[in-house]
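This is what each chain is made of:
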Amino acid sequence: MSTAEKPGLLALYHFSPWFTEELKKRFDVFGPFPTREIAPHMVPEDFRPRVRAIATVGSIGEGGRAMLDALPNVSIIHCYGTGFERMDLKTAKERGIVITNAADSNASAVADVAVGLLLATSRRIAEGDRYIRAGRWERRGAHLWPPILGLKGAKVGILGLGAIGLRVATRIAAFEAEVGYHSRTKKADVPWAYLPSALELAEWCDFLIVALRSDASNKHIINMELLKKLGPLGHVVNISRGMAVDEAALADALEAGVIAGAALDVFEEEPIVHPKLRKLDNVVMTPHLGGGTRQANRAMGETALANFDAHFAGRPVLTPVPMY
């Protein structure tokens, strides 16, 4: 099939070479854009009517109503990861556009990072590394810092018990910790304690791991009120989406000792990070590495291709996003 005969696809993210090549076998691909801006004028006018699909990630979105107005023939949008927080679900629903995502393709990889980040913050691993590199370790001894709470016997709260949260919980339970969770609905088939609200979960637990579904309804659910419930010995880990955390409130809480520490793999305006967070020793940060394993990337790509193939063959897609 020649390029002119292929349906057009707008790529709004720098995908892996393998996935990009697979897309090019199926579509005439335009993108990604050289900047974070997404606007209709960036798509060639003669290409716009040919665009029938968009490949993006939830933290970028599709450009909203203005972009969809300029692309009248789009019928499917795929979010390469699990999140869909910046997607214009209302406009998509109005126009019958299918939105899909990676579902649980990267859940195990993200759960691994959640546990690693929890250990890094609670056991001061990153801080200890900096301590040695700065040449400050001048004497032997196990009590360079006051004793800290280990995972054995500790209460670990999971905020969101979806595909990732379930895997986090099973990993944490192996550390002999007590697991509790809050989710939109109570799960009938899990052995862990259910707390009826995010605030009650924060008050109950020593460590809080945020594994929420990534959509706008969860924006800033981690705020100063909740952090005060977590308390001065508490740690919070976010591996869901940056918008779940009020970064200014978190920075203030860390600086004032409202909580003991935090670990973040995601940020509200990536790659922008709140400037105060950069200066604090009691926060561990990684640049959205959670799903970045070979296995997860392959699975996410295969899920995307399966959704595109099914849609254009007239079959139901595999992993539709709920349109509310």
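Residues numbered from 1 in each chain as written. Predicted model: local features only at pLDDT ≥ 70, side-chain atom pairs only at ≥ 80, totals over all residues. Heavy atoms only, no water.

Participant: Before we go on, may I ask you to explain the sheet that holds strand β5 (residues 98-100) in this structure?
Facilitator: Spatially, β2-β1-β3-β4-β5 is the arrangement adopted by the five strands of the open sheet, whose pairing is parallel. The open sheet has two free edges, formed respectively by β2 (28-30) and β5, since each of these has just one partner strand. The average undirected angle you get between the axes of adjacent strands in this sheet is 20 degrees. Sheet analysis places strand β1 (residues 8-11) next to strand β3 (residues 51-56), joined by four bridges and oriented parallel. Each bridged residue has a counterpart across the sheet, and for Leu10 the counterpart in β3 is Ile54. Together, β1, β3, β4 (76-79) and β5 form the strand contacts of helix α11 (residues 294-312), whose direction differs from that of β4 by roughly 170 degrees. (Pairing = 2+ DSSP bridges. Helix = DSSP H or I, 4+ residues; strand = E, 2+ residues; numbered from the N terminus. Axes fitted to C-alpha atoms, helices over the stretch in contact; angles between N-to-C directions. Contact = heavy atoms within 4.5 Å.)

Participant: Sorry, what's going on with the nonpolar core here?
Facilitator: Note that soluble globular proteins tend to have their nonpolar side chains buried in a common cluster. One finds Leu118, Val156, Ile158, Val168, Ile172, Ile209 and Ile239 to be the most contacted residues of the largest nonpolar core, which totals 30 residues. Within the residue set of this core, elements represented by two or more residues are α4 (107-122), β6 (155-159), α6 (163-173), β7 (178-182) and β9 (207-210). The biggest single contributor to this core is α4, with eight residues. Those residues within four positions of Val156 in sequence are excluded, and the remaining contacts are Leu118, Leu151, Ile172, Ala177, Glu178, Val179, Gly180, Trp204, Cys205, Phe207 and Ile209. Leu159, Leu212, Leu250 and Leu280 belong to the second largest nonpolar core, which has 29 residues in total. (Core = buried A, V, L, I, M, F, W, Y, C linked by side-chain atoms within 4.5 Å. Buried < 20%, exposed > 50% of the residue type's maximum accessible area, 1.4 Å probe, protein only.)

Participant: Looking at this structure, I do not really get the pattern of salt bridges. What am I missing?
Facilitator: Side chains carrying opposite charge are able to pair once their charged atoms draw close together. Enumeration according to the criterion identifies 19 salt bridges in this entry. The salt bridge partner of Arg95 is Asp69, with a shortest N-O separation of 2.3 Å. Residue Arg95 is found in helix α3 (residues 89-95), and its partner Asp69 is found in helix α2 (residues 64-70); the two are separated by 26 residues along the sequence. Note on Arg95: relative accessible area 37%, which makes it partly exposed. By relative accessible area, Asp69 is classed as partly exposed at 47%. Three or more residues are tied together by salt bridges with common partners; here these are Glu22, Lys25, Arg26 and Asp309. (Salt bridge = Lys/Arg side-chain N within 4 Å of Asp/Glu carboxyl O.)

Participant: Would you mind going over the packing of α4 against α6 with me for this structure?
Facilitator: In a packed pair of helices, the relevant descriptors are the angle between the two axes and the axis-to-axis distance. Between α4 and α6, the least distance of the axes is 8 Å, while the angle of their chain directions is 50 degrees. When the axis of α4 is compared with that of α6, the two are oblique. The chirality of how α4 crosses α6 is right-handed. For the pair α4 and α6, the contacting residues are Ala107, Ser108, Val110, Ala111, Asp112, Ala114, Val115 and Leu118 in the first and Ala163, Ile164, Arg167, Val168, Arg171 and Ile172 in the second. (Parallel < 35°, antiparallel > 145°, perpendicular 65-115°, else oblique. Left-handed = near helix turned anticlockwise from the far one by under 90°.)

Participant: Looking at this model, I keep getting lost on the environment of Gly135. Mind explaining?
Facilitator: Examined against the element boundaries, Gly135 turns out to sit in the loop between α5 (125-133) and β6. Overall, the relative accessible area of 48% leaves Gly135 in the partly exposed class. Linking Gly135 and Leu12, residues 123 residues apart in sequence, is a C-alpha distance of 44 Å.

Participant: I tried to follow the pairing of β6 on my own but got confused; where do I start?
Facilitator: Where a strand is regular, its side chains alternate between the two sheet faces. β6 sits mainly inside the fold: four of its five residues count as buried. The pairing of β6 with β7 spans five bridges and is classified as parallel. In the strand pairing of β7, Leu159 is matched with His182. Considered for its hand, the β-α-β crossover made up of β6, α6 and β7 is right-handed. As paired elements, β6 and β9 share four bridges and run parallel to each other. Across the sheet, Leu159 pairs through a bridge with Val210, a residue of β9. (Right-handed = clockwise from strand over helix to strand, strands pointing away.)

Participant: What is the right way to look at unusual backbone geometry in this model?
Facilitator: Glycine aside, the phi torsion of most residues is negative, and most peptide linkages are trans. Between Gly31 and the following residue, Pro32, the backbone shows a cis peptide bond with an omega angle of 0 degrees. One can find Pro32 in the loop between β2 and β3. Backbone geometry places Arg124, a non-glycine residue, at a positive phi of 60 degrees. Here Arg124 lies in the loop between α4 and α5. Positive phi is not limited to glycine here, since His288 has a value of about 55 degrees. Among the structural elements, His288 can be located in the loop between β12 (283-285) and α11. Exposure remark for His288: the relative accessible area of 31% places this residue in the partly exposed category.

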